[in-house]
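Chain and residue survey
The lines below spell out each chain.
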Amino acid sequence: MIRLFVLTGIFMMLLSACFYNNTADNGKTKQKEDPLEITWTAILYAPAPPSDVVISKIEEATNTELSFTWVPDAVSEDKITIALASHTLTKVVTIQDIKSTAYLNAARGGVFWEIGPYLKDFPNLSKMNPSILQDTAIDGKNYGIYRERDLSRQGIIIRKDWLEKLGLPEPETLNDLYDIFVAFKERDPDGNLIHDTFGIPDRNDLVFGIFKTLASYEGAPNSWGLKDGKLVPDFMFKEYMDTMKFMKKLYVEKLINPDFAVTSKQQQWDYFTNEHAGVYIGNMDDSKNLNSALLKVNPDAQLDLINRINGPDGKPHIWSQAGHNGVYVFPKSQVKTEEELKRILAFFDRLGDPDIYRLTQLGIEGIHYKVIGERVYENISGAAAAIEKDVRPLSSIQVTVPELLKPDNDPIRKKNILFNADNVNFIVANPVDALESVTFNEKGNELNQIIEDATYDFILGSIDEAGFQKAIAVWSEQGGDQVIDEYNDAYHAAH
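Residues numbered from 1 in each chain as written. Predicted model: local features only at pLDDT ≥ 70, side-chain atom pairs only at ≥ 80, totals over all residues. Heavy atoms only, no water.

**Describing the overall build of the chain**
Heads up, the condition is: Each helix is a run of H or I in the DSSP string that is no shorter than four residues. Each strand is a run of E no shorter than two, and both are numbered from the N terminus. Classification of residues uses two cut-offs on accessible area relative to the type maximum, computed with a 1.4 Å probe and protein chains only: under 20% is buried, over 50% is exposed, and between them is partly exposed. Under the convention used here, a 1.4 Å probe and the Shrake-Rupley method define accessible areas, while residue burial counts only the protein chains that appear. We score Asp and Glu as negative and Lys and Arg as positive, and we do not count His or the chain ends. To locate a charge, take NZ of a lysine, CZ of an arginine, CG of an aspartate or CD of a glutamate.
From N to C terminus, the chain includes 17 helices and 15 strands. By principal-axis analysis of the C-alpha atoms, the chain measures approximately 110 × 55 × 35 Å. With 495 residues in all, the chain has 49% of them scored as buried. Element-wise, carbon and sulfur atoms account for 53% of the exposed surface of the chain, whose accessible area totals about 23,500 Å². Averaging the coordinates of the 50 positive side-chain charges in the chain and doing the same for the 73 negative ones gives two points 5 Å apart.

**Some details on helix α8 (residues 211-218)**
Since there are 3.6 residues in each turn of an α-helix, residues three or four apart along the chain are aligned in direction. The cut-off we apply is this: Contacts: residue pairs with any heavy atoms within 4.5 Å of one another.
Within α8, eight of the eight residues are buried, leaving the element largely enclosed by the surrounding structure. By the burial criterion, the buried members of α8 are F211, K212, T213, L214, A215, S216, Y217 and E218. Where α8 is buried, its residues contact β5 (154-159), α7 (174-186), α9 (238-252), β8 (279-283), β10 (318-319) and α16 (438-460). The first or second residue beyond α8 is G219, which carries a positive phi of 100 degrees.

**A closer look at the side chain of E340**
Mapped onto the elements, E340 comes out in helix α12 (residues 338-351). Among the residues examined, E340 registers a relative accessible area of 16% and is labelled buried. In this view, E340 contacts K91, Q334 and V335; residues no more than four positions away in its chain are not counted.

**Quick notes on the sheet that holds strand β1 (residues 36-44)**
Convention followed: A strand pair is defined by DSSP finding two or more bridges across the two strands. Angles run from 0 to 180 degrees between N-to-C directions of axes, and those axes are lines fitted to C-alpha atoms, restricted for helices to the stretch in contact.
Spatial strand order, β2-β1-β3-β11-β4: five strands in an open sheet with mixed pairing. With partners counted over all chains shown, the strands left at the sheet margins are β2 (64-72) and β4 (144-148), one partner each. The average angle at which neighbouring strand axes cross in this sheet is 25 degrees, direction not considered. Its contacts with the sheet put α12 on β1, β2, β3 (92-95), β4 and β11 (324-329), and the angle it makes with β1 is roughly 55 degrees.

**So, unusual backbone geometry**
Here the phi dihedral of D228 falls at roughly 55 degrees; this positive angle occurs in a residue that is not glycine. Considering the arrangement of structural elements, one finds D228 in the loop between β6 (224-227) and β7 (230-233). Of note in this structure, E275 is not a glycine but carries a positive phi near 65 degrees. By the secondary structure assignment, E275 is in the loop between α10 (265-273) and β8.

**A closer look at the packing of aromatic side chains**
For clarity, the threshold we go by: Aromatic pairing here means that ring centres of Phe, Tyr or Trp (its six-membered ring) are within 6.5 Å. Orientation follows from the plane angle: under 30 degrees is stacked, over 60 is edge-to-face, and everything else is tilted. Only when the NZ atom of a Lys or the CZ atom of an Arg is both within 6 Å of the ring centre and within 35 degrees of the ring normal do we say a charge sits over the ring.
Within this structure, the stated rule accounts for 22 aromatic pairs. Considering the side-chain rings of Y103 and F112, the 5.8 Å spacing of their centres and the 40 degrees angle between planes classify their relative orientation as tilted. Using a relative accessible area of 1% as the deciding quantity, one classes F112 as buried. Members of the aromatic cluster, connected to one another through ring pairs, are W40, F68, W70, Y328, F330, F347 and F348. Here K227 stacks its cationic end above the ring of F237, 4.6 Å away from the centre of that ring. One cation-aromatic arrangement involves K248 over F458; the distance from NZ or CZ to the ring centre is 5.3 Å.

**Here we look at the sheet that holds β5**
Backbone hydrogen bonds hold the strands of a sheet together, and the pairing may be parallel or antiparallel. Judged by pairing direction, the sheet is antiparallel, and its three strands sit side by side in the order β8-β5-β9 without closing on themselves. In this open sheet, the two strands that pair with only one neighbour each are β8 and β9 (303-306). Adjacent strand axes in the sheet meet at a mean angle of 25 degrees when their direction is disregarded. Sitting on the sheet, helix α11 (residues 287-297) touches β5, β8 and β9, and the angle it makes with β9 is about 160 degrees.

**Overview of α7**
Selection criterion: A helix is expected to reach a length of 1.5 Å times the quantity of its residues less one. Under the rule applied, a polar contact is a pair of N or O atoms within 3.5 Å (in protein, one hydrogen donor and one hydrogen acceptor; residues adjacent in sequence only if both atoms are side-chain atoms).
Counted at 1.5 Å a residue, the expected span for α7 with its 13 residues is 18 Å, and the 18 Å between its end C-alpha atoms agrees. All of the buried residues in α7 are L174, L177, Y178, I180, F181, A183, F184 and K185. The secondary structure elements touched by the buried residues of α7 are β5, α6 (160-166), α8, α9 and β8. The opening residue of α7, the one whose side-chain oxygen lies 3.4 Å from the backbone nitrogen of N175, is T173. Immediately beyond the C-terminal end of α7, within one or two residues, lies D188, with a positive phi of roughly 50 degrees.

**Side note on the confidence of the model for the chain**
Note: predicted coordinates in regions of low pLDDT should not be interpreted at a detailed level. Definition in use: Think of pLDDT as the predictor's per-residue confidence, scored from 0 to 100.
Overall, the predicted model of the chain reaches an average pLDDT of 90, with 93% of residues at or above 70. In the predicted structure, residues 1-30 sits below a pLDDT of 50 and forms zero contacts with residues beyond four places in sequence or in another chain.

**Description of the pattern of salt bridges**
Spelled out, the test is: Every case where a carboxyl oxygen of Asp or Glu lies within 4 Å of a side-chain nitrogen of Lys or Arg is listed as a salt bridge.
If you walk through the whole model with that rule in mind, you get 19 salt bridges. In this structure, the salt-bridge partner of E275 is R159, at a minimum N-O distance of 3.0 Å. Here E275, found in the loop between α10 and β8, pairs with R159, found in strand β5; they are 116 residues apart in sequence, far enough to count as distant. Like E275, the residue R159 is buried in the burial classification.

Written out as structure tokens, the structure is:
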């Protein structure tokens, strides 16, 4: 009897212990299941922030509660610089200009977590490109997850139906492009018997507007180039001047919107999608959304893509980006513990999984697109407005790029993917991407502004070649010569 009592007591103790352990385990499980709250400063490339339709699905799949602060691209650098200075940061901050003084000072001042040592612990993040990680590092340390992009997405989006109506072939050279601009202005391509069209719209951006791509077509280097064995900036090359003269010709002959120097990206898009202009030079990925907007205005409109324009040497050239569009960083003031950092990194790792990536790029299956075969999809008929509202703005939260479903009913998108890959065959790299100049870190914005102002002044006719050379002299005197020396020292040390 005593033995039975003892055994019963032992059993009850074990049962109680098991209950306690299960309760503790359940408490831990419950704690793990609590959604991770993430505040995020993200860049907005669309006219309006996204709805919650797709975001709620991402939250559900990743066990998170996402709170976005959407910053329009046109003012993003200023807004983020102010946030860094005022310490009004979110848990995730998108940094586009990784060489800005504000970002470099903040990183070196210990504002952000160094994440490099953690990347190996995550299946997608551990596969990030070592070269891009090196290019986005500061003093050999990685503070951000880079936003992966194709090396070059630049090309031409053109009204195919206008070309066919006017009997014009696809352009192969800059002269061909110029002839098309003239025809689109003078020959009534929209057939409304009114001279209300012009060649090409531009915006107030010398990099992602039309200028830098035109400069590539002229054969200019990508921001910096070698001249007589020495690195010098692109504006010291003849091809830069040739591009300014070409742009000035477009402006004088009214082949470009006269307000291009103060035009936003959305206004540039509106010129094209409202059928005021027939050529768009820029990111070929824009073709998808430009086409959707254009078809609302004219259901019979047809677009095409062109990525090879031969330069004076008879060969195509296109400027290359660095394989990224900035980084996501994590301020220590908001992400207070290593445990929380790891959970956030795990979330970013999930963004690289195919199911989440499809949500950010295609939307929700059955609402925005449908799968029609092995790794093939098509957009659902009539879903264009929903895609614009729910999906398009989410392109800015992309991380690593897994293989995506291939479009079936979208020849423009197919060609877009093909041409992005083809651009790699003739890209022009920026030789200072992985280099650093202390003077440029400190004075880069001011130095860039000198040349930007002078470039616009030349195109608009306010200064001539001599005036532009004077601006270069000012650039040199105010720190430019030091920048040249520092980049050359770093370049020759690396080679």
